[in-house]
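# Working through the structure, step by step
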Amino acid sequence: MVDALGIAVIGFGWMGRVHTQAYGRVRHHFPQLPLRPELVTVAEEVPGRAEEAAERYGFATATRDWREVAADPRVRAVSITAPNFLHREIGVAMAEAGKHVWVEKPVGLGGEDARAVADAVAKAGVQSAVGFNYRCAPAVETARDLIAAGELGAVTHVRVRLFSDYAAHPDGALTWRYERARGGSGVLGDLASHGADLARFLVGDIASLAADTAVFVPERARPAGATAGHALASGGEPGPVENEDYVSCLLRFASGARGVLEACRVSVAEQNNYGFEVHGTRGAVFWDFRRLNELRVGRGTTYQDQPVSTVYVGPGDGEFAAFQPGAANAMGYDDLKVIEAYRFLRSVAEGEPFGATLADAVRAAAALDAMAESAESRGWVDLPTT
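What comes next is a walk through the structure. (Residues numbered from 1 in each chain as written. Predicted model: local features only at pLDDT ≥ 70, side-chain atom pairs only at ≥ 80, totals over all residues. Heavy atoms only, no water.)

## Some thoughts on the overall build of the chain
Looking only at helices and strands, the chain features 10 helices and 17 strands. A compact globule built from 386 residues would reach a C-alpha radius of gyration of about 21 Å, and the chain, at 21 Å, matches this within 12%. Expressed as a percentage of the 386 residues in the chain, the buried residues total 56%. Considering only residue pairs separated by 6 or more positions, the chain has 70% of its internal contacts joining residues 24 or more positions apart. As displayed, the chain offers around 16,400 Å² of accessible surface, 48% of which is attributable to carbon and sulfur atoms. (Helix = DSSP H or I, 4+ residues; strand = E, 2+ residues; numbered from the N terminus. Rg over C-alpha atoms; globule rule 2.2 N^0.38 Å. Buried < 20%, exposed > 50% of the residue type's maximum accessible area, 1.4 Å probe, protein only. Contact = heavy atoms within 4.5 Å. Areas by Shrake-Rupley, 256 points an atom, 1.4 Å probe, with all protein chains shown as cover.)

Structure follows, in structure tokens:
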């Protein structure tokens, strides 16, 4: 018999919808999962949005006050997809209420917030998951396996890029994302957090780094009302952009490898240009999110003029077989969130972590804090070793 697990989603913008749809699909793709997620309640402070979500997706109840979720005995696991400044308060409250938490990155406004939620989760003995979805791509997991098996030799240098145009329009609304008090960092928390996690996932711990940041759109119009996504707001009262649009960062890994991480949210003509290049003493591997299910791999003993082949992931690579029967059948972004949901629920069922957890969020947050410190000091910064 499959046990029902009461689920709440707190914050119902785009990411809240993605989490909800992942819960709806997870047992279609992973029928062996011994838990059946049951949508109990949705919390969203924007008037009418929670009720609309409940009607559309089948939540039993809706509320504007997330605190009601902590007190609800029906809820055993919670997705936290609210704005960054709420992550710490909600995450700690849910853990203290004995609820398992799946929280979107970057988990608060900085390393202190991430550690506070991680400590609360550890103290409560509940399970956690963090929204580092790109590491869930079967191609990324295959790249990691190639690297770990020594197929590329010793890793020498790495490049991770995350370029997007979601904030490139000068009429983009001045939402919470651009405020220090509510958004914390800018592109650091939004995109570079994924980059820091991917770099560590593939190559290992980052020992030190040196970073530079910039704001390229210094002023935006305030929205007249509630917004969702990256809405435009031309004609509103202008206000300052308080956090960075761009970051570039040199990395030194504990292994001795070197790296470059670059992220930008105002890259005109770039749509989700995310990916990495990992070079070793005998080969290299390349991945582009826009070609999610492909790797370009060069390996062998030729060294000079060594050829590169395109490899299509398939059954046997990561969780690919749960979605498609053969190589080169496409998976998409939402499938990565289904994998996250599966690993989160499996963690709850088995009582041990699977996939990215708050420990990973703490390590990524340490890298982001170091980038901010380096950009201000204009020097190298060492990362903590634990």
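## Concerning the side chain of asparagine 293
Counting through the fold element by element, asparagine 293 comes out in the loop between β14 (283-288) and β15 (294-299). Among residues more than four places away in sequence, those in contact with asparagine 293 are Val311, Tyr312, Val313, Phe320, Asn329, Ala330 and Met331.

## Details of the sheet that holds strand β13 (residues 273-280)
Taken together, the 9 strands give an open sheet; going across it, the order is β16-β15-β14-β13-β7-β12-β11-β8-β17, and neighbouring strands pair in mixed fashion. Edge positions in the open sheet fall to β16 (309-312) and β17 (381-382), since each of these has one partner strand only. Sheet analysis places strand β8 (residues 206-214) next to strand β11 (residues 246-253), joined by 8 bridges and oriented antiparallel. Considered in β11, the bridge of alanine 214 is made with tyrosine 246. Where helix α8 (residues 187-203) meets the sheet, it contacts β7 (155-163), β8, β11, β12 (258-264) and β13, and its direction lies at approximately 155° from that of β12. Of the strands in this sheet, β8, β11, β12 and β17 are in contact with helix α10 (residues 358-377), which crosses β8 at around 55°. (Pairing = 2+ DSSP bridges. Axes fitted to C-alpha atoms, helices over the stretch in contact; angles between N-to-C directions.)

## Here's the deal with the pattern of salt bridges
Counted according to the given criterion, the structure contains 25 salt bridges. Where arginine 135 meets aspartate 197, a salt bridge forms, and the shortest distance between an N and an O atom there is 2.8 Å. Here the residue arginine 135 occupies a position in the loop between β6 (128-130) and α6 (138-148), and aspartate 197 occupies one in helix α8, the gap between them amounting to 62 residues. Between glutamate 340 and lysine 337 there is a salt bridge, and its shortest N-O distance comes to 2.8 Å. With glutamate 340 and lysine 337 both in helix α9 (residues 333-350) and 3 residues apart, this pair spans about one turn of that helix. (Salt bridge = Lys/Arg side-chain N within 4 Å of Asp/Glu carboxyl O.)

## Some details on the nonpolar core
Core analysis: the largest hydrophobic core is formed by 94 residues, its most contacted members being Leu202, Val278, Trp287 and Met371. The greatest single-element share of this core, amounting to 10 residues, is contributed by α8. When residues no more than four places from it in sequence are discounted, the contact partners of methionine 371 are Leu188, Leu209, Ala211, Val247, Cys249 and Leu261. The next biggest cluster of nonpolar side chains, apart from the first, holds 33 residues, and it includes Val40, Val78, Val126 and Ala365. (Core = buried A, V, L, I, M, F, W, Y, C linked by side-chain atoms within 4.5 Å.)

## Brief notes about the environment of glycine 108
One can find glycine 108 in the loop between β5 (100-103) and α5 (111-124). Assessed through its relative accessible area of 1%, glycine 108 is described here as buried. Glycine 108 has contacts with Asn84, His87 and Asp113, leaving out every residue within four places of it along the chain.

## Brief notes about α6
The buried count for α6 comes to 8 of 11 residues, which makes it a mostly enclosed element. Just downstream of α6, glycine 150 is the residue with a positive phi angle, here 80°.

## Details of the packing of aromatic side chains
For the structure shown, the criterion picks out 15 aromatic pairs. Plain terms: the ring middles of phenylalanine 12 and phenylalanine 59 are 6.3 Å apart, the flat faces sit at 90° to each other, and that makes the pair edge-to-face. Placement of the pair is phenylalanine 12 in the loop between β1 (3-10) and α1 (14-29) and phenylalanine 59 in the loop between α2 (49-57) and β3 (61-63), with a sequence separation of 47 residues. Taking the relative accessible area as the measure of exposure, phenylalanine 12 reaches 9% and is therefore buried. For phenylalanine 59, a relative accessible area of 5% translates into the label buried. (Phe/Tyr/Trp six-rings, centres within 6.5 Å; stacked < 30°, edge-to-face > 60°.)

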